[in-house]
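What follows is each chain in one-letter form.
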Amino acid sequence: MQPQVEIQLIAAVVAVACALPGVFLVLRRMAMMSDAISHAILFGIVVAFLVVESLGSPFLVFGAALTGVLTVSMVEGLFKTRLVKEDAAIGLVFPVLFSIGVILISRFAGNVHLDIDAVLLGELAFAPFDRLMFNNHDLGPKALWVMGGILLLNIILIVLFFKELKLASFDEGLASALGFSPALIHYGLMSQVSLTAVGAFDAVGSILVVALMIGPPTSAYLLTDRLSRMLSISAAIGVISAVSGYWLAHWWDVNIAGSIATMIGLIFFLIYLFAPRRGVVALLRRRNYQRWHFAESMLAVHLLTHLGQPEEARECHRDEVHKHLNWQENHAKRVVRRALQDGYVHLDKDILRLTAIGKKLAGKAVVE
Amino acid sequence: MNGLNEKHKPPRDQAAIWVEDLTVAYQDKPVLWDVDLAIPKGVLMAIVGPNGAGKTTMIKAMLGLVDPVAGRVEVFGKPFREQRRLLGYVPQRTSVDWDFPTNVLDVVMMGRYGTLGWFRRPGKAEREKAMHALEKVAMDPYADRQISQLSGGQQQRVFLARALAQEAEVYLMDEPFQGVDATTERAIVDLLRELRKQGRTVVVVHHDLQTVPDYFDWVFLLNVRRIACGPVETFFTEENLRLAYGGRVAILGERKPIADDAKSL
Amino acid sequence: MNILTDINFDYTLRIVALGSAILGALSGALGAFAVLRKQSLIGDTISHAALPGIAVAFFFTGNKTTTILLIGAALSGWLATLFILGIVKATRIKLDSALGLVLSVFFGFGLVMLTFIQKRPDANQAGLEKFLFGQAATLLAADVQMMAILAGVAVLALMLLWKEFKLLSFDEDFGATQGFAMNRINLMLTTLLVVAIVLGLQTVGVVLMSAMIVAPAAAARQWTDKLSTMVLLSAVFGVAAGVSGSLLSSRIPKLPTGPTIVLCISTVVLFSIFVAPARGLLWRWLRRRRNRRQFRAEAVLLDLMDMARHHPNLEHPHAAAVLHTLNLDGRAVRNSLAELAERELVRPAGAGLWSLTQAGIAEAQQLERRFQAED
Ligand SMILES: Nc1ncnc2c1ncn2[C@@H]1O[C@H](COP(=O)(O)OP(=O)(O)O)[C@@H](O)[C@H]1O
Ligand SMILES: [Mg+2]
């Protein structure tokens with residue numbers, strides 16, 4: 001394979017591997033945990049490097065991932081003292097571990113082949129050069145194998161524990177009532193996040209880990225209510241951002257991780273604006289619709305009340321209704337025009353009369 | 001339906017609060033739908049309805065804390081924005097963080113901030129008014145107490161004192177009886193009666209149906225729409241309660257109950 | 001300044017210390033409000049989001065003056081808070097997701113801009129990279145001057161709007177019913193927070209600046225129950241950590257400033273959480289132990305009283321061994337008896353026997369009445 005293709009493949013695999021646990025972080029309102037974990041594991045990674053000068057062995061990946069779990073339990077321990085709130089607890093813990101990591105790197109720069117920038121920014125462009133060799137056979141980039149393994153593990157775990165995760169995400173109370181230990185699910189998920197973060201860290205840097213874990217699921221959250229769909233949409237958005245981000249970086253000759261994050265932001269922004277039901281445009285349109293629909297209902301109820309009554313000619317005259325409804329004249333004119341357009345009313349010698357669907361509208365407004 | 005309960009609607013300029021066509025939606029579904037309400041001056045009114053009926057939203061809309069999709073709120077005949085000084089607010093006790101680093105007197109003095117306006121610091125006058133308000137709820141011995149050390153009932157009384165410090169004409173209270181001890185409940189009821197004696201208008205979201213006739217003289221039954229409103233003895237009926245609490249029947253499209261309601265007037 | 005000149009500081013060190021003091025004071029004071037509003041992590045987002053602003057400011061002006069870069073940083077940090085607000089208000093997305101998203105996307109875009117700029121012939125990247133982890137030694141007198149002026153303005157605003165900020169932090173809705181434009185107050189507080197964060201970027205760096213918002217406030221909260229004291233103390237902690245951290249890192253090679261300051265302030269937090277009076281864990285633990293001891297002693301006293309009732313003389317002695325019925329082991333009973341003896345509520349009657357004193361009888365009766373009242 002060409003390095004170009006390999007980079008895209010690695011990026012896509014990382015994106016999906018991150019998006020899957022990310023969905024549960026977003027649903028469980030723990031998105032910032034990914035930020036904390038992805039920073040804090042620097043400590044574990046540096047220690048691993050100091051011990052064996054590489055992160056090659058899976059044992060060390062797991063070891064580094066333990067730092068993530070350590071972060072989670074430190075946050076929890078701090079929060080349980082009730083001396084600080086949960087958000088503050090997160091904000092207190094990860095800077096400490098990250099700081100120790102950074103200081104270790106600068107002090108032992110000779111022993112740690114870990115560039116401080118690469119830690120944050122990642123250098124995906126170099127990932128294809130670190131190959132996995134077996135008996136002198138080139139099996140492909142090591143990052144692809146590591147992340148592929150993590151992706152597989154994530155998929156297996158989510159499939160196996162789908163029901164438990166779903167329940168715990170939407171109804172924690174019910175989940176624990178049914179005997180699923182919330183603590184077990186919490187730590188299981190956090191271990192998954194940590195492991196994924198450690199694996200991805202090497203290739204894409206800690207900030208992109210956050211972008212990939214939070215961005216696609218948050219976007220998907222605006223598109224669907226179903227967990228299974230949210231998972232697949234997140235994965236798809238992750239892959240699209242990864243590939244398009246790669247090409248953006250290629251054309252402009254800029255940092256790949258940064259450009260993938262930028263694409264994630266761009267895609268989110270589009271969905272934020274134009275999501276069918278939950279986007280901003282839809283929201284504004286719905287607000288507008290509700291306003292008019294409400295006014296038309298009021299008009300319909302008014303017309304129904306006086307339907308066939310002696311005062312109908314006065315109460316329901318097109319130029320008079322605004323007085324009886326206590327509306328501004330212009331507003332009333334617009335409402336009448338809309339109601340005519342929508343077929344709720346028709347004009348009978350300047351008297352407004354309800355149509356069949358108009359009567360239905362009035363009926364619904366009274367009951368609903 | 002504007003015609004419903006028309007008899008008990010005070011004229012618009014005499015109502016303490018006048019609500020017309022109020023419709024509020026948070027996301028897509030309306031939480032309040034076309035609510036009309038006129039609260040006569042000087043009544044002690046309970047807002048009653050099941051969970052999620054929109055009681056809190058109703059209070060917030062009257063205070064301008066949520067933007068309605070449609071409708072209007074007037075206070076003593078003027079848009080509420082011009083009349084904010086006349087409204088006192090007692091939010092749900094759980095709506096704030098009681099671990100906030102401040103003491104009882106300080107919280108109560110917040111009731112004077114509106115009158116003080118921007119930039120001015122509370123001084124001796126404000127302190128005195130706050131102490132006076134605390135005395136009314138028998139919390140003056142706790143003036144210097146850190147708020148995290150208060151019991152639920154004491155917290156509620158601090159909130160009441162803060163509203164009293166506002167020296168408002170109309171008080172809007174969201175579930176002041178929720179989770180308080182018997183002493184506090186007594187104290188609140190006494191306070192409500194005293195406010196009524198002074199000619200103030202008090203609107204209370206209330207959960208305990210049994211005490212409604214005891215504590216209140218006016219009732220507003222709400223479940224997304226207005227179910228009924230008027231004097232307790234006339235409108236706090238089983239029929240209306242069934243409409244409000246078993247309201248699902250009506251929502252499913254059975255129209256008859258509403259018509260009955262209209263007829264019974 | 002006297003102390004600073006007396007100690008034989010060289011000029012650079014003085015500048016560094018002064019700059020770090022200003023940054024610590026400001027971020028400490030404003031961080032207190034962020035922490036109280038449960039928005040601790042917003043600082044993290046603002047500081048990360050400042051990166052593209054720095055890059056873009058340089059890109060358009062070609063100028064590496066700190067002031068210009070920081071103006072860019074402030075604008076993009078501020079823009080980020082608007083985005084967060086827009087996302088949370090208009091959709092069902094929760095604050096934590098919005099924070100994580102905006103943080104990582106802005107930072108990612110900042111990286112794109114940085115790498116893009118590096119290709120320009122006039123880009124000496126060292127000038128921009130100090131903003132990642134901070135480099136106190138790069139502070140210039142002019143920078144500190146600007147920091148001092150901005151900090152002065154911020155403190156003035158804080159004092160003027162004290163009551164409004166308190167209202168916003170404690171009960172926003174109530175503030176709105178009083179006719180205050182809470183959105184505007186929120187905007188002003190957020191703007192001040194952005195200023196505080198941006199002023200710290202050069203020293204602490206974008207990655208760790210959030211710790212300077214959260215940590216001093218979290219530490220200060222443990223020592224006081226008064227808002228003004230908390231804000232003041234938070235500022236003091238910020239100054240202490242800022243100065244000691246940046247001086248350490250200037251003196252010792254290969255000690256990056258940001259992480260050093262973070263470790264300093266975190267030490268303060270740890271210390272506060274354990275030993276702050278009233279709230280501290282240590283005191284809590286001691287209090288619990290004392291309560292347990294007192295509870296045991298009371299139980300032993302009541303037991304003695306129960307047995308004494310079987311005799312005409314309430315001071316009739318009983319064997320300590322009999323008291324073991326109370327689920328307490330022998331040592332606990334002996335300790336409790338010793339404690340009661342110290343308070344002169346019981347006295348040893350020889351041969352492992354103990355009897356109540358007059359004071360002990362009175363105390364036991366009082367306890368019984370209290371328990372009855374509680375039932
Ligand atoms: N901020 C909000 N966003 C979305 N929905 C809300 C919000 N506040 C309340 N609701 C919904 O509006 C309905 C009415 O809520 P509320 O006024 O609090 O009812 P009540 O006080 O009568 O229990 C409920 O279904 C509730 O879920
Ligand atoms: Mg409510």
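Residues numbered from 1 in each chain as written. Chains lettered and ligands numbered in written order. Predicted model: local features only at pLDDT ≥ 70, side-chain atom pairs only at ≥ 80, totals over all residues. Heavy atoms only, no water.

## Overview of the overall build of chain A
Working step 1: Secondary structure summary: chain A contains 17 helices and four strands in total.
Working step 2: Relative to its length of 368 residues, chain A is extended, with a C-alpha radius of gyration of 29 Å against a globular reference of 21 Å.
Working step 3: Projected onto its principal axes, the C-alpha coordinates of chain A cover approximately 95 × 50 × 35 Å.
Working step 4: Of all 368 residues assigned to chain A, the portion counted as buried reaches 57%.
Working step 5: Taking the contacts inside chain A whose residues are at least 6 apart along the sequence as the reference set, 66% of them involve residues at least 24 apart.
Working step 6: Of the roughly 16,000 Å² of accessible surface on chain A, a fraction of 63% belongs to carbon and sulfur atoms. (Helix = DSSP H or I, 4+ residues; strand = E, 2+ residues; numbered from the N terminus. Rg over C-alpha atoms; globule rule 2.2 N^0.38 Å. Buried < 20%, exposed > 50% of the residue type's maximum accessible area, 1.4 Å probe, protein only. Contact = heavy atoms within 4.5 Å. Areas by Shrake-Rupley, 256 points an atom, 1.4 Å probe, with all protein chains shown as cover.)

## Brief notes about the domain arrangement of chain A
Working step 1: Looking at chain A, the domain boundaries give domain 1 (3-276) and domain 2 (281-367).
Working step 2: Centre-to-centre, using C-alpha coordinates, domain 1 of chain A lies 55 Å away from domain 2 of chain A. (Domains from an automatic or database assignment.)

## Quick notes on the side chain of Ser-20 of chain C
Working step 1: With respect to the helices, strands and loops of the structure, Ser-20 of chain C is situated in helix 2 (residues 11-36).
Working step 2: Apart from the residues within four sequence positions on either side, Ser-20 of chain C is in contact with Leu-139, Thr-203, Gly-242, Val-243 and Ser-246 of chain C.

## Concerning the pattern of salt bridges
Working step 1: Following the criterion strictly, the structure yields 28 salt bridges over all chains and no others.
Working step 2: Residue Glu-320 of chain A pairs with Lys-323 of chain A through a salt bridge whose shortest N-O separation is 3.5 Å.
Working step 3: In the salt-bridge network here, residues are joined through shared partners; they are Lys-85 of chain A, Asp-97 and Asp-99 of chain B together with Lys-38, Arg-221, Asp-225 and Arg-279 of chain C. (Salt bridge = Lys/Arg side-chain N within 4 Å of Asp/Glu carboxyl O.)

## As for the interface of chain A and chain C
Working step 1: Contacts between the two partners involve 58 residues from chain A and, on the opposite side, 58 residues from chain C.
Working step 2: Summed over both sides, the interface of chain A with chain C buries roughly 4,900 Å², with 73% coming from carbon and sulfur.
Working step 3: The largest share of the area that chain A buries against chain C comes from Met-32, Leu-83 and Asp-87 of chain A, three residues that together contribute 14% of it.
Working step 4: For Asp-225 of chain A, the salt bridge goes to Arg-92 of chain C, with nearest N and O atoms at 2.8 Å.
Working step 5: Contributions of two or more residues to the side of chain A that touches chain C are made by helix 1 (3-27), helix 2 (31-52), helix 4 (86-107), helix 5 (116-121), helix 10 (206-221), helix 12 (256-274) and helix 13 (280-305) of chain A.
Working step 6: Ranked by the residues each element gives to the side of chain A that touches chain C, the list is headed by helix 4 of chain A, at 15 residues.
Working step 7: Residues of the side of chain A that touches chain C, tallied by class, amount to 35 nonpolar, 13 polar and 10 charged. (Buried area = accessible area lost by both parts, 1.4 Å probe. Nonpolar A, V, L, I, M, F, W, Y, C, P; charged D, E, K, R; others polar.)

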